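Listed below, chain by chain, are the residues.
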Amino acid sequence: MSVGETTITIVGNLAGDPELRFTPSGAALVKFSVASTPRSYDKTSGQWQDGTAMFLRCTAWRDLAQHIAESLTKGMRVVVTGRLRQHNWDTPEGEKRSMLGLEVDDIGPSLRFATAKVERVQRNANGNGSGPAADAWNTAAPAGTAPASGGWGTPAPAASGGAKYSDEPPF
């Protein structure tokens, strides 16, 4: 990230299923739109009123792109953080056009009205999300079972020197 970039967070619903593609060099990219509709309470009618929906086109790359395509679908409420990008082009008729888009840095399901089960991806020695695990954070296990070791729900291993973790205060 560079100095002076405009970073925003938007909460909304996916307007369609994420579209996963691959560049000629093999890099994954996903495109999707988030619809964010403001709501306000009208005291005179006693009802909620929807404002004008804003649709923001989003793009994510590499592992994040693949995780989005595997995890999110149309209609899901999401929280997206990224950097605004302005895209400029000329139409075939010579008219100048521009559009704002969001280059996604992070995304997740909104848990305001839903729950989610998170599974950490295995990493290899290069830090990529495929191949043999270089760390023990994989929590993918058969439904109803706990991960064998190192998952988020598993206690951390004892520190070197034989110290053990306990619920006792350190003082």
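Residues numbered from 1 in each chain as written. Predicted model: local features only at pLDDT ≥ 70, side-chain atom pairs only at ≥ 80, totals over all residues. Heavy atoms only, no water.

Asker: Outline the nonpolar core, listing residues and values.
Answerer: Counting residues in each nonpolar core, the largest one holds 17 residues, and the members touching the most others are F32, V34, I68, V78, V80, V104 and I107. Secondary structure elements with two or more residues in this core: β1 (7-14), β3 (28-36), β6 (54-61), α1 (62-71), β7 (77-90) and β8 (96-109). It is β3 that provides the largest number of residues to this core, a total of 4 residues. Apart from residues no more than four positions distant in its own chain, V78 is found in contact with I10, V11, G12, L14, V34, L72, I107, G108, P109 and S110. (Core = buried A, V, L, I, M, F, W, Y, C linked by side-chain atoms within 4.5 Å. Buried < 20%, exposed > 50% of the residue type's maximum accessible area, 1.4 Å probe, protein only. Helix = DSSP H or I, 4+ residues; strand = E, 2+ residues; numbered from the N terminus. Contact = heavy atoms within 4.5 Å.)

Asker: Go over the packing of aromatic side chains with me, naming the residues and quoting the values.
Answerer: Following the criterion strictly, the structure yields 1 aromatic pair and no others. With a centroid separation of 5.5 Å and an interplanar angle of 65°, the aromatic rings of Y41 and W48 are classed as edge-to-face. What makes Y41 partly exposed here is its relative accessible area of 45%. (Phe/Tyr/Trp six-rings, centres within 6.5 Å; stacked < 30°, edge-to-face > 60°.)

Asker: Outline the pattern of salt bridges, listing residues and values.
Answerer: One pass over the structure, following the stated rule, counts 11 salt bridges. Between E5 and R83 there is a salt bridge whose closest N-O contact spans 3.8 Å. Of this pair, E5 sits in the segment before β1 while R83 sits in strand β7; the two residues are 78 residues apart in sequence, bridging distant segments of the chain. With a relative accessible area of 22%, E5 lands in the partly exposed category. Among the ionic contacts, a cluster of salt bridges with common partners joins E5, R83, R85, E103 and D105. (Salt bridge = Lys/Arg side-chain N within 4 Å of Asp/Glu carboxyl O.)

Asker: Explain the pairing of β7 residue by residue, including any values.
Answerer: Where β1 meets β7, 7 bridges bridge the pair, whose relative direction is antiparallel. Counted as the bridge partner of V11 is V79 from β7. Sheet topology note: the β7/β8 ladder contains 13 bridges and is antiparallel. Across the sheet, the residue bridging to W89 is R97, located in β8. (Pairing = 2+ DSSP bridges.)

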